[in-house]
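One-letter residues, chain by chain:
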Amino acid sequence: MKMKRVFSSLMALGLAATLVACGGDKAEDAKEKTDDKAAEAPADNKEAPAEGEEGKEDEKAELESFDKQTADDTLVIGAVQEFNGDFLQGWTNNSMDVKARRFLGIEGNNGYGTVVQDEGGQWINNMTVLKEEPETVKNADGSETTTYKIKEDLKWSDGTPINADNYLFGSLLHTYPSYQLVTGSTSIGDDSLMGYEAYKNGDKDTFDGLKKIDDYTFSVTVDASFLPYYEEAALRGYGPYPIHAVSENLAVAPEGNKIVAKDGYQPTEEEKKKYIENIDTQIAKNNEDFEENNPAPAEDANEDEKKAYEEAKKAHDEDIAKLEKRKTGDVDPTSMLIEDAMQKEYNEYRIKPTVTAGPYKFDSFGNNMVRMSINENYAGNFKGEKPSIPHVILQYVNKNIAIDLLENGDIDIWEAEGEGPLVDQMRAAADEGKIGGYNTFERNGYGNVTFLTDRGATKYKEVRQAIAHLMDRNNFVQSFAGGYGVVTNGMYGTSQWMYKERGADLEASPDFNKYTLNLDKANELLDATPYKFEKDGKTPWDKAKADEEFAKNPDGFDYYRYDKDGKRLQVNQYGSDESPITTLISNQVPVNAKQVGMEYNVTSGSFATLLEYYNFPKEDAEYTAFNMGTDFGTPFDPYYQYNSKGFDNRTKTNDPKADELTVKLRQTDPKDKEGYLDTWEEFEKWYNDYLPEIPLYSNQYHSGYTARVKGFDINTPVWESEYQINAMSLDNSKK
């Protein structure tokens, strides 16, 4: 795991609380500089690169040696992040994995979903897939049932016909009781449907919200407890799943509400043996994960820590007991096949989705490139458009040379650039005729520093708020985004309709914090935390003493705050080594933190490593702060992120007010727009105070393209190249 501690010398850089940091420079570890022989005079006596020029020399060499993939029949799109290689929802996906699967139609508006979004974000029925408009009826118990009739000529990319079973199977598999246990996926299945709890918990073997009417007609019933739902159209979007890609012997029951083994199937002894072995592997892996993430508390641990461990141990032991029980007695053929399909999805289809329903089909993934070819069986998007470019490659590139690659024709498209200097370079290249042009749109998201709110020092709200007061966020935005971004104070992006309607009112509200750089306020907040003592845990921490110590020796400062048990106030942040924001934070926050008695450390490494620390934190997590960006999915429903029951609650938020507001927001009547906006404002004020994240900025994105790319004329926050691809073509006379 490659990591480096990011820091800067106060004496060398002359930093102060109102520091103006340098834009995109990457901070280097001093020890690495010392050991770096390239920093010495080279053997040929050529002058060594000046301080700060080494990176430019590396980028020049990278530009000259770039592995060009463009061809007359191949469109190359630059990828801003290295791929994780997870092409299904539920694992450690990043934005590039998501982009790939949208080209493939696994998710999004190009596949065969019954409901999709148009370029303006409006939900519409996908009549390329549907034979007739779906019919929704309100049931006596308050639930709603929608019936869909799909066209009979739809096919998978391998030519296999698509029918109603494909639209039911995904929900049945991903909501199956053992799905998360077997695969490690975060997917919780279709929690809005009637019968979800009973099916998910294993109380019933049927999922009552699903029904098959005939080979091309099916219905889904949304449970009354989930209604009303403000973006109710989003609940009616169902896409097909390629059953044959994960199993040859499974089928959907004639009723459509359960998965069954095909008639006549009997497991072989070898299959039974493999089933038992798979369970043993699951048990071993679960035990390993539990021991790694739940270390037994020390003898002197407090009662809360001991109780939390015992509860976690009890739940773990119950899961293991369930697995052990499945090894005894006769093997149920259906259960065996279902879990085998789960294993196949995880081990094979997740990383190599060769059967899809989108405009492109998967060819290969390697060397940080996803290669795709046109799907000749694609029926078209909701407009009826089909792709014409034979091949598309998503290729990871160093963003610092991306615009140069665009100018050279080494890549065809570079999307969603938000860094000020690179945006300026793109716009200048277009003005000078070096590229074909660029599109602009407001971001549907924001940059942030996000916290784990249940462990370490960041479990205290006042610590999180104090950190916000150690930042000059206006400086961050100006240094990073130039004139193309604004400071944000809530969970919103400037493109969101809610912000456009109520953003000005929200920002003007006196109880909506602006979190400006203010060391006095940070000290005041920290005085309200357990960290208000010197090292002995008794003597009150003294700001005047801290000022004196800092003035004498800022680099060697060692007068920190402690709690009554002698535990130092320390926060460790992990950031991507490719993000200029990591450097901006490391140049400013650790220095300011010293002056309020906080030790703040910033470490950088790969974004994939960051996601591991963030998504799967240990109980005694080393890092509890992370800088990253968040782009909103659709529908906007923060229940999953901030409700204590939300499956995607990565910040570990557990607050009654959040529970109340996230339910209230999602269950606003779709006709009550003003009521929804009122609750949205309430939620934003809660977020702004509780501060599970420090919002930094929302920016304007620019997407550039070469002269040979035609048809990239629609580009919105919800409609990027993966959706516009059906209208694009290549004019190779313009190369």
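Residues numbered from 1 in each chain as written. Predicted model: local features only at pLDDT ≥ 70, side-chain atom pairs only at ≥ 80, totals over all residues. Heavy atoms only, no water.

Participant: How should the environment of asparagine 94 be read in this particular structure?
Facilitator: You can see asparagine 94 is positioned in the loop between strand 2 (74-79) and helix 4 (95-104). Sequence separation between asparagine 94 and serine 185 is 91 residues, and the spatial gap between their C-alpha atoms is 15 Å. Apart from residues no more than four positions distant in its own chain, asparagine 94 is found in contact with Gln81, Glu82, Phe83, Asn84, Phe607 and Leu611. At 2.9 Å, the side chain of asparagine 94 and the backbone nitrogen of methionine 96 are in polar contact. (Helix = DSSP H or I, 4+ residues; strand = E, 2+ residues; numbered from the N terminus. Contact = heavy atoms within 4.5 Å. Polar contact = N/O pair within 3.5 Å; in protein donor to acceptor, adjacent residues only side chain to side chain.)

Participant: Sorry, what's going on with the sheet that holds strand 8 (residues 217-222) here?
Facilitator: Either a parallel or an antiparallel arrangement is found when strands of a sheet pair, and the pairing is made through backbone hydrogen bonds. If you trace the four strands from one edge of the open sheet to the other, you get 5-6-8-7, paired in antiparallel fashion. Either end of the sheet is taken by a strand with one partner, and the two such strands are strand 5 (135-138) and strand 7 (210-214). Strand-to-strand twist across the sheet, computed as the mean angle between neighbouring axes with direction ignored, equals 20°. Examined bridge by bridge, strand 6 (residues 144-149) and strand 8 share six bridges and lie antiparallel to one another. Bridging from a neighbouring strand, threonine 147 pairs with serine 219 of strand 8. The strands touched by helix 5 (residues 164-174) are strand 7 and strand 8; relative to strand 7, the strand with the most contacts, the crossing angle is about 170°. (Pairing = 2+ DSSP bridges. Axes fitted to C-alpha atoms, helices over the stretch in contact; angles between N-to-C directions.)

Participant: I tried to follow the packing of helix 16 (residues 497-508) against helix 23 (residues 673-690) on my own but got confused; where do I start?
Facilitator: Angle between the axes and distance between the axes are the two parameters that describe a pair of packed helices. One way to put it is that helix 16 packs onto helix 23 with a least axis distance of 10 Å and a crossing angle of 60°. As summarised for this structure, helix 16 and helix 23 are arranged oblique, according to the angle between their axes. Regarding helix 16 and helix 23, the two cross each other, and that crossing is right-handed. Between helix 16 and helix 23, the contacting residues are Trp497, Met498, Tyr499, Glu501, Arg502, Asp505 and Leu506 on the first element and Lys673, Glu674, Tyr676, Leu677, Asp678, Trp680, Glu681, Glu684 and Lys685 on the second. Residues of the contact of helix 16 with helix 23, tallied by class, amount to seven nonpolar, no polar and nine charged. (Parallel < 35°, antiparallel > 145°, perpendicular 65-115°, else oblique. Left-handed = near helix turned anticlockwise from the far one by under 90°. Nonpolar A, V, L, I, M, F, W, Y, C, P; charged D, E, K, R; others polar.)

Participant: Which parts of the structure should I look at to understand the side chain of glutamine 395?
Facilitator: Mapped onto the elements, glutamine 395 comes out in strand 13 (residues 391-396). Here the side chain of glutamine 395 touches aspartate 67 through a polar contact of 3.0 Å, landing on its backbone oxygen. Residues within four places of glutamine 395 in sequence aside, it is in contact with Phe66, Asp67, Gln69, Val76, Ile77, Gly78, Ala79, Asn368 and Met369.

Participant: Before we go on, may I ask you to explain the packing of helix 14 (residues 461-468) against helix 17 (residues 519-526) in this structure?
Facilitator: Packing of helix 14 against helix 17 leaves a shortest axis separation of 8 Å and a crossing angle of 170°. With respect to helix 17, the axis of helix 14 lies roughly antiparallel. Contact residues: Glu462, Val463, Gln465 and Ala466 in helix 14; Ala522, Leu525 and Leu526 in helix 17. Along the lines of polarity and charge, the residues of the contact of helix 14 with helix 17 split into five nonpolar, one polar and one charged.

Participant: Before we go on, may I ask you to explain the pairing of strand 18 (residues 570-576) in this structure?
Facilitator: A regular strand places its side chains so that they alternate between the two faces of the sheet. Of all seven residues in strand 18, six are buried; the element is thus mostly enclosed. Taken together, the seven bridges between strand 18 and strand 19 (residues 599-605) define a ladder with parallel strand orientation. For asparagine 572, the partnering residue across the bridge sits in strand 19 and is asparagine 601. Chirality of the crossover, the property in question, places the unit of strand 18, helix 19 (residues 580-594) and strand 19 among those that are right-handed. (Buried < 20%, exposed > 50% of the residue type's maximum accessible area, 1.4 Å probe, protein only. Right-handed = clockwise from strand over helix to strand, strands pointing away.)

Participant: What's the story with the pairing of strand 21 (residues 693-705) in this structure? I'm lost.
Facilitator: Burial analysis of strand 21 places twelve of its 13 residues in the buried class, the great majority of the element. The sheet contact formed by strand 14 (residues 413-417) and strand 21 spans three bridges and is antiparallel. Opposite glutamate 417, over in strand 21, you have histidine 702 as the bridge partner. Relative to strand 21, strand 15 (residues 437-442) runs antiparallel, the two being bridged by six bridges.

Participant: Mind showing me how you'd approach the pattern of salt bridges here?
Facilitator: Any two side chains of opposite charge can pair, on the condition that their charged atoms come close. By the definition in use, this model includes 48 salt bridges. One salt bridge in this structure joins arginine 350 and aspartate 86, with 2.1 Å as the shortest N-O distance. Of this pair, arginine 350 sits in the loop between helix 11 (333-349) and strand 11 (360-366) while aspartate 86 is found in the loop between strand 2 and helix 4, placing the two residues 264 residues apart along the sequence. Aspartate 86 carries the same exposure label as arginine 350, and that label is buried. The salt bridge partner of aspartate 527 is arginine 561, with a shortest N-O separation of 2.9 Å. Taken together, the positions of aspartate 527 in the loop between helix 17 and helix 18 (543-552) and arginine 561 in the loop between helix 18 and strand 18 put the pair 34 residues apart, joining distant regions of the chain. For aspartate 527, a relative accessible area of 43% puts it in the partly exposed group. Assessed through its relative accessible area of 0%, arginine 561 is described here as buried. Among the charged side chains, a network of salt bridges with common partners joins Lys99, Arg101, Arg102, Glu107, Glu415 and Glu722. (Salt bridge = Lys/Arg side-chain N within 4 Å of Asp/Glu carboxyl O.)

Participant: So what exactly am I meant to see when it comes to the nonpolar core here?
Facilitator: As a rule of thumb, nonpolar side chains are buried together in soluble globular proteins. Ranked by internal contacts, the top residues of the largest apolar core, which has 59 residues, are Tyr112, Tyr167, Phe169 and Phe218. In this structure, Phe476, Ala481, Val589 and Ala625 belong to the second largest nonpolar core, which totals 35 residues. (Core = buried A, V, L, I, M, F, W, Y, C linked by side-chain atoms within 4.5 Å.)

Participant: Got a minute to help me understand the environment of asparagine 523 in this structure?
Facilitator: With respect to the secondary-structure elements, asparagine 523 resides in helix 17. On the accessibility criterion, asparagine 523 (5% relative accessible area) is buried. Through-space distance from the C-alpha of asparagine 523 to that of leucine 227 is 45 Å; in sequence the pair is 296 residues apart. Beyond its immediate sequence surroundings of up to four residues, asparagine 523 is in contact with Trp541, Lys543, Arg561, Gln595 and Val596.

Participant: Got a minute to help me understand unusual backbone geometry in this structure?
Facilitator: Leaving glycine out, the prevailing phi sign among residues is negative, and the prevailing peptide bond configuration is trans. For the bond running from leucine 227 to proline 228, omega is -5°, close enough to zero to count as cis. Here proline 228 shows up in the loop between strand 8 and helix 8 (243-246). A positive phi is found at tyrosine 515, a non-glycine position, where the angle reads about 50°. Mapped onto the elements, tyrosine 515 comes out in the loop between helix 16 and helix 17. Looking at tyrosine 515, the relative accessible area reads 7%, which means it is buried.

Participant: Just to check I follow, could you spell out helix 11 for this structure?
Facilitator: Two residues of an α-helix separated by three or four positions point the same way, owing to the 3.6 residues in each turn. The complete set of buried residues in helix 11 reads Thr334, Ser335, Met336, Leu337, Ile338, Glu339, Ala341, Met342, Gln343, Glu345 and Tyr349. Buried residues belonging to helix 11 abut helix 5, helix 6 (179-183), helix 8, strand 9 (250-252), strand 10 (259-261) and helix 9 (269-293).

Participant: Help me out: how do you make sense of the packing of aromatic side chains in this one?
Facilitator: Applying the stated criterion across every chain yields a total of 40 aromatic pairs. Between the aromatic rings of phenylalanine 382 and tryptophan 719, the centroid separation amounts to 6.1 Å while the plane-to-plane angle is 80°, which identifies the pairing as edge-to-face. With phenylalanine 382 in the loop between strand 12 (369-374) and strand 13 and tryptophan 719 in the loop between strand 22 (709-710) and helix 24 (721-724), this residue pair connects regions lying 337 residues apart in the sequence. Of the residues examined, tryptophan 719 reaches a relative accessible area of 0% and is grouped as buried. An aromatic cluster is present here, built from Tyr642, Phe683, Trp686, Tyr687 and Tyr690 joined pairwise through their rings. The ring of tyrosine 346 carries arginine 350 above its face, with NZ or CZ at 4.1 Å from the centroid. (Phe/Tyr/Trp six-rings, centres within 6.5 Å; stacked < 30°, edge-to-face > 60°. Lys NZ or Arg CZ within 6 Å of the ring centre and 35° of its normal.)

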